[in-house]
Amino acid sequence: MKTTKVKHLFNLVLLASAFTVSAQEKSISGIVTTRLVQADGQTTAFVLVDPAKPTVAVMATGDDAAALFPRNQVKLTGTTGAGVFGSALPVKTGSVAIGETNQPFKSQPITVAVFKDATAQAGNYVQLTGVTFVADKFDASGSAQVKAEDGSTVGLIVGAGVAGRETPKGVTDVFGVVVKSGSEWKLVAARFLPVNRREMQALAATATCISCHTPDTRLVGPSFREVAASYRNDPSALEKLVTQMQNGGVGKWGQAPMPGLKAAVPLENMNKLAAWVMSYQWDVLLAE
Ligand code: HEC
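Bear in mind the structure is a predicted one, so any value in this text is a computation, not a measurement. (Residues numbered from 1 in each chain as written. Predicted model: local features only at pLDDT ≥ 70, side-chain atom pairs only at ≥ 80, totals over all residues. Heavy atoms only, no water.)

Visitor: Run through the coordination of the iron atom of the ligand, naming residues and quoting values.
Guide: Tetrahedral metal sites with four donors have an ideal angle of 109.5 degrees; octahedral sites with six donors have ideal angles of 90 or 180 degrees. Taken together, the protein ligands of the iron atom of the ligand are His213 (NE2) and Met258 (SD), with distances of 2.0 to 2.1 Å. Bound by six donor atoms, the iron atom of the ligand shows angles of 86 to 178° at the metal and therefore octahedral coordination geometry. Taken together, the residues His213 in the loop between helix H3 (197-206) and helix H4 (224-230) and Met258 in the loop between helix H5 (237-247) and helix H6 (267-278) connect sequence positions 45 residues apart. Residue His213 is classed as buried on the basis of its relative accessible area of 11%. (Donors = N, O, S within 2.8 Å, 3.2 Å for Na, K, Ca; no water. Tetrahedral: all angles 85-135°; square planar, octahedral: opposite > 155°, others 65-115°. Helix = DSSP H or I, 4+ residues; strand = E, 2+ residues; numbered from the N terminus. Buried < 20%, exposed > 50% of the residue type's maximum accessible area, 1.4 Å probe, protein only.)

See the structure below:
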């Protein structure tokens, strides 16, 4: 009898110490893949700590939330708790430190069919290739449905930044993190890119744009993501970008001039290039 009691006590002590261990602060470092700004200002970000493992959901507000921008390399401290999509790491205020920005990482291709039961993909950063948006606009909560060629659909969770905006037109690749929301598997979207982007990259090479621009980082001229971000709320963005390509310009982004390319690049190609540059606006809108 006595030994059982002692054993029980010993087990209790073990349990208690296991609990202390799991509730302890934990430091992680990795790349932010996706973030979702909720209505109450709370932000959930998905951090890729190990490319072979699912992302880690972290929660933050204020400056910490602002630092959790996609493609930032971050280091942070948090304590395991409950999040919107299961377990998450609420971060200790002021603990998020940014290292490099614009860090690349890989996505795994996935099909719409997998979303019937995506348990095996939970938390993974994936790419849904060749889908189209069901509705012309995002709803007021910033959600949308995309459909595959066979007509089956997946729900996207996007966030306040896109509420009421027009959805991308044409065939799109959607990138994001697989989550369970209520009883449904959904995708917290991080990027929308047109499927013809490789063709556009080739066109940009022929038109010499890539000697001065890249989509992601600043060279002689601004990155296309920066340009798209600054014009994201301008309804005449496409015309303005085409005018820049035709006539060139200087002083908007720095002291380096862009030459006018009217003689070298047909207008039809400039229109296509302008649409491609503006497709990078989603990177910013989805994180807002
Ligand atoms: C010789 C280098 C060079 C080439 C070639 C070049 N650009 Fe630029 N581009 C620049 C520079 C520099 C700027 C910034 C100009 C400024 O500060 O106003 C710029 C600005 C831009 C902008 C931003 C315009 C704005 O209103 O903010 C766009 C869009 C752009 N370039 C697209 C292109 C495309 C598309 C091509 C190919 C057809 C191209 N550029 C070719 C150097 C170049």
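Visitor: Residue-level account of the site of the ligand, with values.
Guide: The local shell around the ligand holds 27 residues, among which Cys209, Cys212, His213, Tyr231 and Met258 are the closest. In the model, an oxygen atom of the ligand is placed 2.5 Å from a nitrogen or oxygen of the Trp253 main chain. Within the backbone of Gly254, one N or O atom sits 3.3 Å away from an oxygen atom of the ligand. Looking at the shell around the ligand, the elements that each hand over two or more residues are H4 and H5. For the shell around the ligand, the element with the highest residue contribution is H5, accounting for three residues. (Near = heavy atom within 4 Å. Polar contact = N/O pair within 3.5 Å; in protein donor to acceptor, adjacent residues only side chain to side chain.)

Visitor: Any chance you could break down the sheet that holds strand E4 (residues 73-79) for me, citing the residues and the numbers?
Guide: The strand order E5-E6-E3-E2-E1-E4-E7 describes an open sheet built from seven strands, whose pairing is mixed. A single partner strand is all that each edge strand has here, and the edge strands are strand E5 (81-83) and strand E7 (97-98). Where strand E3 (residues 56-60) and strand E6 (residues 86-90) come together, two bridges link them in parallel fashion. Looking at the pairing, Met59 lines up with Pro90 of E6. (Pairing = 2+ DSSP bridges.)

Visitor: Just give me the short version of the environment of Thr61, but keep the residues and values in it.
Guide: With respect to the helices and strands, Thr61 occurs in the loop between E3 and helix H2 (62-67). Looking at Thr61, the relative accessible area reads 45%, which means it is partly exposed. The spatial distance from the C-alpha of Thr61 to the C-alpha of Ala287 is 14 Å, given a sequence separation of 226 residues. With residues near it in sequence (within four places) discarded, Thr61 still touches Gly41 and Gln42. (Contact = heavy atoms within 4.5 Å.)

Visitor: So what's going on with the packing of aromatic side chains? Which residues, and what values?
Guide: Counting across every chain of the model gives nine aromatic pairs. A centroid spacing of 6.3 Å and a plane angle of 35° characterise the contact between Phe46 and Phe85, whose relative ring orientation is tilted. Of this pair, Phe46 sits in strand E2 (residues 43-48) while Phe85 sits in the loop between E5 and E6; the two residues are 39 residues apart in sequence, bridging distant segments of the chain. Judged by its relative accessible area of 3%, Phe46 falls in the buried class. Ring pairing ties together the aromatic residues Phe133, Phe138, Phe192 and Trp282, which thus form one cluster. (Phe/Tyr/Trp six-rings, centres within 6.5 Å; stacked < 30°, edge-to-face > 60°.)

Visitor: Any details on the nonpolar core? Residues and values, ideally.
Guide: Counting 35 residues, the largest nonpolar core has Leu241, Leu273 and Trp276 as its most contacted members. Of all the secondary-structure elements, those providing two or more residues to this core are E3, strand E12 (172-181), strand E13 (184-194), H3, H4, H5 and H6. Here Leu241 is in contact with Val227, Tyr231, Ala274, Val277 and Met278, once residues within four sequence places are set aside. Core analysis: the next-biggest nonpolar cluster, separate from the first, contains 25 residues, Ala118, Val126, Trp185 and Ala189 among them. (Core = buried A, V, L, I, M, F, W, Y, C linked by side-chain atoms within 4.5 Å.)

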